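# Structure at a glance
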Amino acid sequence: MTHVITSLCLRDNGCSSVCPVECINPGNPAEGWFTYYIDPSTCIDCGACVPECPFHAIYPADETPKAYKAQSGELINAAGLTGHYEATSHNGEAVRLDSTRALAAGEEIDLTPAIVLNEKFYK
Ligand code: SF4
Ligand code: SF4
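What follows deals with the overall build of the protein. In terms of helices and strands, the protein carries one helix and nine strands. When its helices and strands are written in sequence order, the protein yields β-β-β-β-β-β-β-β-β-α. Principal-axis analysis of the C-alpha atoms gives the protein an extent of 35 × 30 × 25 Å. In the protein, which comprises 123 residues, the proportion classed as buried is 26%. In the protein, the share of contacts with a sequence separation of at least 24, taken over all contacts with a separation of at least 6, comes to 74%.

Another point: the sheet that holds strand β7 (residues 83-88). In spatial order, the strands read β6-β8-β7; together these three strands make up an open sheet with antiparallel pairing. Edge positions in the sheet fall to β6 (75-77) and β7, since each of these pairs with one other strand and no more. If you compare each strand with its neighbour and ignore which way they point, the axes differ by 55° on average. With three bridges connecting them, β6 and strand β8 (residues 94-102) associate as antiparallel partners. Looking at the pairing, Asn77 lines up with Thr100 of β8.

Quick look at the site of ligand 1 now. Within the structure, ligand 1 sits among 14 residues, and Cys9, Asp12, Gly14, Cys15 and Cys53 are positioned closest to it. The residue inventory of the shell around ligand 1, partitioned by class, reads nine nonpolar, two polar and three charged.

Sheet topology places β7 next to β8; five bridges connect them, and they run antiparallel. Among the inter-strand pairings, Ala87 is bridged to a residue of β8, identified as Val95. Between β7 and β8, which follow one another and run antiparallel, lie five residues, and Gly92 among them has a positive phi close to 85°.

A word on the site of ligand 2. Residues in contact with ligand 2 amount to 14 residues; listed here are only the nearest, Cys19, Cys43, Cys46, Ala48 and Cys49. Of the residues in the shell around ligand 2, the class split is eleven nonpolar, two polar and one charged.

Parameters at a glance
- Residues numbered from 1 in each chain as written.
- Chains lettered and ligands numbered in written order.
- Predicted model: local features only at pLDDT ≥ 70, side-chain atom pairs only at ≥ 80, totals over all residues.
- Helix = DSSP H or I, 4+ residues; strand = E, 2+ residues; numbered from the N terminus.
- Buried ≥ 20, exposed ≤ 12 C-beta atoms within 10 Å, placed from the backbone.
- Contact = placed C-beta atoms within 7 Å.
- Pairing = 2+ DSSP bridges.
- Axes fitted to C-alpha atoms, helices over the stretch in contact; angles between N-to-C directions.
- Near = placed C-beta within 6 Å.
- Nonpolar A, V, L, I, M, F, W, Y, C, P; charged D, E, K, R; others polar.

Okay, here's the thing in structure tokens:
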């Protein structure tokens with residue numbers, strides 16, 4: 001089992017610089033890979049990336065929530081969504097996304113599709 005980045009990822013980039021085995025890939029929004037991804041063949045499950053994520057997007061795969069309860073103002077970032085989001089990343093770079101949706105307070109979302117997406121990214 002490995003760690004997985006879910007659709008709560010807003011490409012802040014805080015996680016990749018702390019990974020001791022450099023197994024976090026930034027994906028490619030222009031090609032439909034909207035979040036960052038963790039290489040399951042390299043990840044050593046150390047958990048160092050988890051507290052670095054300001055959006056609580058990273059989980060051990062077997063603990064990824066099927067019914068994540070959102071707080072007001074949280075966003076998801078995934079295919080088929082069109083909401084615009086702008087911010088400055090952990091590294092001070094501009095982040096602009098057009099693939100988000102704001103979650104309502106208490107809304108429950110399944111974050112486990114990220115497990116399959118992550119596997120597909122590395123196939
Ligand atoms: S720190 Fe969180 S939001 Fe930023 S790239 Fe990593 S998983 Fe995505
Ligand atoms: S759990 Fe550790 S090895 Fe795996 S992606 Fe996170 S920092 Fe890297």
